[in-house]
Amino acid sequence: MKRIRQPIIAVLGHVDHGKTTLLDRIRRTKVAAKEAGGITQHIGATEVPIDTVKTLAGPLIKLWKGEIKLPGLLFIDTPGHEAFTSLRARGGSLADLAVLIVDINEGFQPQTIESIEILRKNRTPFIVAANKIDRIKGWKVEEDEPFLVNIKKQDQRAVQELETKLWELIGKFYEMGFNANRFDRVQDFTRELAIVPISAKYGIGVPELLVLIAGLSQKYLEQKLKIEVEGPARGTILEVREELGLGTTIDVIIYDGTLRKDDTIVVGGKDKAIVTKIRALLKPKPLDEIRDPRFRFDQVDEVVAAAGIKIAAPGLEEALAGSPVIAARSEEEIERAKEEILSQIQSVVISTGKV
Ligand code: GDP
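Attention in this report is confined to the structure presented alongside it. (Residues numbered from 1 in each chain as written. Predicted model: local features only at pLDDT ≥ 70, side-chain atom pairs only at ≥ 80, totals over all residues. Heavy atoms only, no water.)

On to the overall build of the protein. The helix and strand tally for the protein stands at nine helices and 22 strands. A compact globule built from 355 residues should have a C-alpha radius of gyration of about 20 Å, and the protein, at 21 Å, falls within 12% of that. With the C-alpha coordinates aligned to their principal axes, the bounding extent of the protein is approximately 65 × 50 × 35 Å. Long-range pairs, those at least 24 residues apart, make up 73% of the contacts in the protein between residues at least 6 apart in sequence. Total accessible area on the protein stands at roughly 16,700 Å², and carbon and sulfur atoms take up 51% of it. Computed over 52 positive and 52 negative side-chain charges, the inter-centroid distance for the protein is 2 Å. (Helix = DSSP H or I, 4+ residues; strand = E, 2+ residues; numbered from the N terminus. Rg over C-alpha atoms; globule rule 2.2 N^0.38 Å. Contact = heavy atoms within 4.5 Å. Areas by Shrake-Rupley, 256 points an atom, 1.4 Å probe, with all protein chains shown as cover. Lys, Arg positive; Asp, Glu negative; His and termini not counted. Charge placed at Lys NZ, Arg CZ, Asp CG, Glu CD.)

Quick look at the structure:
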């Protein structure tokens, strides 16, 4: 059976331009959270269900002309392009779509350009968040307001200043070979790069950003996002971590298939493929239920892509962040997974010249 999974989204951009603030804001999105299903915390990732996006956006959901069928959006919590480049899936990027954040007052900076080059090289589609619009002189702030509502409250001078800064950004993108435009002036999202003015600090413009992330990732990735839910899982290690009472665990983003608690997994290590049996699949407990820090997780029987999950299993000491995790349910599948992982390790050794 195939179904559409949540796209995996990464946030990158120059230091201090607001990556962490944007992710925090998304995590704390509170509008109508109850009715809409709220935000789900995964290991290393945050899920925004599509109903929450729709509730936040209100009538602005129509910004995206087609129907949005995705179940939600999964944001990787670790921002920055170092994390982005190390998170790979089958040779491509683990992220299906990226948000490039640029401080609108500072404009392009060295890591903005580096990020664009990495995105281009990986052919990762992206959308631009022009951040910190609240710093424009005289800007009137209203928390969580859609940009298109908020802009109507601004006086002429503030609007003019925003336009000037946007044009500077558009010019910089043009120099790098992209036709960019303010999102509500974009005719064709596959040809033009959409820029959403936001304030990550106050949540302004975040509703539109989420709508466009959903619409665009669905459009670009219709084929890729259809996953075989019943197949064995595939994922990428975010982090290898020692946990009190659990030993060495791995935090993994599952991008394909279903992972079950009695699966065998094959995991990439420094110079070998580790074959081990899962001891526990763990997800974070809701914050208000954590009374004792030793019991920060809940056990689950299975997870379906896309999801962030902590795996406890013996022998994970030599697992390596950025490596693949492949579930296997027969001897044959174990062998195939080992071969695949070993050939990947081999190709890394050859391309970097390191042993
Ligand atoms: P990162 O290095 O890209 O993760 O940037 P941070 O999210 O840590 O933000 C750097 C600084 O900019 C922090 O002091 C934030 O509070 C501030 N900041 C981020 N977004 C906004 C915004 O929309 N408006 C304002 N005024 N400050 C912001």
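What follows is about unusual backbone geometry. Residue Ala305 is joined to Ala306 through a cis peptide bond whose omega torsion reads -5°. Looking at the element boundaries, Ala306 is found in the loop between strand E20 (302–304) and strand E21 (307–312). Notably, Arg123 is not glycine yet its phi reads approximately 55°, a positive angle. One can find Arg123 in the loop between helix H5 (110–122) and strand E9 (126–131). In this structure, Lys132 takes a positive phi of about 65° despite not being glycine.

Here the focus is the packing of helix H3 (residues 50–57) against helix H8 (residues 206–221). Contact geometry of H3 with H8 gives a least axis separation of 9 Å together with a crossing angle of 135°. Taken together, H3 and H8 sit at an angle that is classed as oblique. Of the two elements, H3 crosses H8, and the hand of that crossing is left-handed. Where H3 abuts H8, its residues Ile50, Val53, Leu56 and Ala57 lie against Pro207, Leu210, Val211 and Ala214. (Axes fitted to C-alpha atoms, helices over the stretch in contact; angles between N-to-C directions. Parallel < 35°, antiparallel > 145°, perpendicular 65-115°, else oblique. Left-handed = near helix turned anticlockwise from the far one by under 90°.)

Before going further, it helps to examine the packing of aromatic side chains. Applying the stated criterion across every chain yields a total of five aromatic pairs. Through successive ring pairs, a cluster of aromatic residues spans Phe108, Phe126, Phe173 and Phe178. (Phe/Tyr/Trp six-rings, centres within 6.5 Å; stacked < 30°, edge-to-face > 60°.)

With that settled, consider the pairing of strand E13 (residues 234–243). Pairing analysis gives nine bridges linking E13 to strand E14 (residues 247–256), with the strands arranged antiparallel. The residue of E14 that forms the bridge with Glu239 is Asp251. As consecutive antiparallel partners, E13 and E14 are separated by three residues, and within that stretch Gly245 has a phi angle of approximately 80°, a positive value. Bridge analysis of E13 against strand E22 (residues 324–328) gives three bridges, and the strand direction is antiparallel. Its bridge partner being in E22, Thr236 is matched across the sheet by Pro324. (Pairing = 2+ DSSP bridges.)

A separate point is the nonpolar core. Ranked by internal contacts, the top residues of the largest apolar core, which has 74 residues, are Leu22, Phe75, Ile127 and Phe173. Considering each element in turn, this core owes the most residues, nine residues, to H8. In contact with Leu22, not counting residues within four places along its chain, are Val11, Val99, Ile101, Ile198, Ala200, Val206 and Leu209. Ile254, Ala305, Ile309 and Val325 belong to the second largest nonpolar core, which has 24 residues in total. (Core = buried A, V, L, I, M, F, W, Y, C linked by side-chain atoms within 4.5 Å. Buried < 20%, exposed > 50% of the residue type's maximum accessible area, 1.4 Å probe, protein only.)

Enumeration according to the criterion identifies 26 salt bridges in this entry. Where Glu302 meets Arg260, a salt bridge forms, and the shortest distance between an N and an O atom there is 3.5 Å. One end of the pair, Glu302, is in strand E20; the other, Arg260, is in strand E15 (residues 258–260), with 42 residues separating them in the sequence. In this structure Arg260 comes out as partly exposed when scored by relative accessible area, which is 30%. (Salt bridge = Lys/Arg side-chain N within 4 Å of Asp/Glu carboxyl O.)

Here the focus is the site of the ligand. As a matter of local geometry, the ligand sits amid 15 residues, with Asp16, Lys19, Thr20, Thr21 and Asp134 nearest to it. Ser199 has a polar side-chain atom sitting 3.3 Å from an oxygen atom of the ligand. The separation between an oxygen atom of the ligand and a polar main-chain atom of Lys201 is 3.1 Å. Isolated, the ligand exposes 580 Å² of accessible area, and the fraction of that covered by the protein chains is 76%. The element contributing the most residues to the shell around the ligand is helix H1 (residues 19–27), with three residues. The residue makeup of the shell around the ligand, split by class, is two nonpolar, seven polar and six charged. (Near = heavy atom within 4 Å. Polar contact = N/O pair within 3.5 Å; in protein donor to acceptor, adjacent residues only side chain to side chain. Nonpolar A, V, L, I, M, F, W, Y, C, P; charged D, E, K, R; others polar.)

All right, on to the sheet that holds strand E17 (residues 273–277) then. Overall, antiparallel pairing links the eight strands, which are arranged E17-E16-E22-E13-E14-E21-E18-E19 in an open sheet. Whereas interior strands pair on both sides, the edge strands pair on one side only; in this sheet they are E17 and strand E19 (297–300). On average, adjacent strands in this sheet sit at an angle of 40° to one another, irrespective of strand direction. Alignment of strand E18 (residues 280–284) against E19, held across four bridges, turns out to be antiparallel. The partner of Leu282 across the bridge, within E19, is Gln299.

The next subject is the sheet that holds strand E4 (residues 45–49). As summarised here, the arrangement of the eight strands in space is E3-E4-E5-E2-E8-E9-E11-E10, forming an open sheet in which the pairing is mixed. Each edge of the open sheet carries a strand with a single partner, namely strand E3 (40–42) and strand E10 (180–182). Across this sheet, the average inter-strand angle for adjacent strands is 30°, counted without regard to direction. With five bridges joining them, E4 and strand E5 (residues 72–76) adopt antiparallel strand pairing.

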